[in-house]
Amino acid sequence: KELRDFKTAAADFSSFIMLRPAEAGAFRNRGNAYMELTLYDKAIEDFTMAIALENDNASVYISRGDAYYNTGIYGNAARDYTSAIAISPEDDALYFRRAESYRHGKQFESAIDDYTRGIELSTESESDMADAYLVRGSVYQTLGQLGKASADYKKACSFGNGDGCGKTTRFK
């Protein structure tokens, strides 16, 4: 049987939920299956139920935040990432996720703050760090803070990011 049969998985979790409606994990897992099927509204409903049953699990807030993000509801995504950060404040990826939500929601100063915090906490690869500097640089550029944008593009370039190198040459 195909391991990535998410329709069957969702149906199986639905059956399980009928038997054990207070099981947060079943709602979380069905929500994950709905995410794979790009049924974001259904995923949001299930993640909301999972949170109601178990509100101290950062991964459920992240998953619901991702579902909101994928539907373009960036404010709700940022709120869920904020809840996840409250549970796991040292997880750099959460700050990057929230920064992206802020950026798409045109809350640029908040995005810069979160990119900065994510960079400070990051233990990611040079490639991931380069991407973080590149995107933060683009936010600085959007705000007209060209010196800061240039510095971030140079940092991205120093990590081997070609886009960062290309943007750096514009500021010479």
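Predicted, not measured: the structure shown is a model, and the values here were computed from it.

A.B. asks: Which residues make up the overall build of the protein chain, and what are the values?
C.D. replies: A count of helices and strands for the protein chain gives 10 helices and 0 strands. Ordered by position from N to C terminus, the α and β elements of the protein chain give α-α-α-α-α-α-α-α-α-α. Along the first, second and third principal axes, the C-alpha atoms of the protein chain reach 65 × 35 × 25 Å. Going through the 172 residues of the protein chain one by one, you find that 41% of them count as buried. The long-range share in the protein chain, meaning contacts at least 24 apart out of those at least 6 apart in sequence, stands at 41%. Of the roughly 9,200 Å² that the protein chain leaves accessible, carbon and sulfur atoms contribute 49%. Separation between the mean location of the 21 positive side-chain charges and that of the 26 negative ones in the protein chain comes to 5 Å.

A.B. asks: Describe the side chain of Ser 101, naming the residues involved and giving the relevant values.
C.D. replies: Relative to the elements of secondary structure, Ser 101 occurs in helix H6 (residues 92–104). According to the relative accessible area criterion, Ser 101 is buried, its value standing at 1%.

A.B. asks: Tell me about helix H7 (residues 108–121), residues and numbers included.
C.D. replies: Here H7 spans 20 Å end to end across 14 residues, near enough to the 20 Å set by a 1.5 Å rise per residue. The complete set of buried residues in H7 reads Phe 108, Ala 111, Ile 112, Asp 114, Tyr 115, Gly 118, Ile 119 and Leu 121. Lining the buried residues of H7 we find H6 and helix H8 (126–142).

A.B. asks: How would you explain the nonpolar core if you had to name every residue and give the values?
C.D. replies: Of all hydrophobic cores here, the largest spans 26 residues; its most connected members are Met 35, Ala 43, Phe 47, Val 60, Ala 84 and Leu 94. Elements that contribute at least two residues to this core include exactly helix H1 (6–19), helix H2 (24–36), helix H3 (40–53), helix H4 (58–70), helix H5 (74–87) and H6. Among the elements that take part in this core, H4 stands out by supplying 6 residues, more than any other. Apart from the residues within four sequence positions on either side, Ala 84 is in contact with Ala 58, Tyr 61, Ile 62 and Leu 94. Of all hydrophobic cores here, the second largest spans 19 residues; its members include Tyr 102, Tyr 115, Ala 132 and Leu 134.

A.B. asks: Before we move on, can you summarise the packing of H7 against H8 with the specific residues and values?
C.D. replies: The interhelical angle for the contact between H7 and H8, taken along N-to-C directions, is 155 degrees, at an axis separation of 10 Å. Our classification of the angle between H7 and H8 gives roughly antiparallel. Crossing handedness for the pair H7 and H8: left-handed. Listed contacts from H8 to Phe 108, Ile 112, Tyr 115, Thr 116 and Ile 119 of H7 are Met 129, Ala 132, Tyr 133, Val 135, Arg 136, Val 139, Tyr 140 and Thr 142. When its residues are assigned to classes, the contact of H7 with H8 shows 10 nonpolar, 2 polar and 1 charged.

A.B. asks: I'd like to hear about H4, residue by residue, with values.
C.D. replies: In this model, H4 (13 residues) spans 18 Å end to end at C-alpha, consistent with the 18 Å of a helix rising 1.5 Å per residue. The inward-facing, buried residues of H4 abut H2, H3, H5 and H6. After H4 finishes, the residue Gly 72 shows a positive phi value of roughly 80 degrees.

Calculation notes
- Numbering of residues starts from 1 in every chain and runs along the sequence as written.
- Reporting in this predicted model follows two pLDDT cut-offs: at least 70 for local features of residues, and 80 or more for side-chain atom pairs to be given and counted; totals over whole chains, interfaces and linings ignore these cut-offs and use all residues.
- By convention in this description, side-chain values take in all heavy atoms of the structure and omit both hydrogens and water.
- Strands are runs of DSSP state E lasting at least two residues, helices are runs of H or I lasting at least four, and both sets are numbered from the N terminus onward.
- To sort residues, take the accessible area from a 1.4 Å probe on protein chains only and compare it with the maximum for the residue type: under 20% means buried, over 50% means exposed, and anything in between is partly exposed.
- Should any heavy atoms of two residues lie within 4.5 Å, those residues are considered in contact.
- All accessible areas in this document rest on Shrake-Rupley with a 1.4 Å probe, and a residue is counted as covered only by the protein chains that are shown.
- Just so you know, the count uses Lys and Arg for positive and Asp and Glu for negative, and it drops His and the chain ends.
- The location of each charge is read from NZ of Lys, CZ of Arg, CG of Asp or CD of Glu.
- Helix span, expected: 1.5 Å multiplied by one less than the number of residues in the helix.
- Only buried residues count toward a nonpolar core. Its members are Ala, Val, Leu, Ile, Met, Phe, Trp, Tyr and Cys residues joined through side-chain atoms within 4.5 Å.
- Note on geometry: axes are C-alpha line fits, over the in-contact stretch for helices, and angles between N-to-C directions span 0 to 180 degrees.
- The labels follow the angle: roughly parallel below 35 degrees, roughly antiparallel above 145, roughly perpendicular from 65 to 115, and oblique for the rest.
- Each helix crossing is assigned a hand: it is left-handed if the near helix lies turned anticlockwise from the far helix by less than a right angle, otherwise right-handed if that turn is clockwise.
- Asp, Glu, Lys and Arg are counted as charged, while Ala, Val, Leu, Ile, Met, Phe, Trp, Tyr, Cys and Pro are counted as nonpolar; the rest, among them Gly, fall into the polar class.

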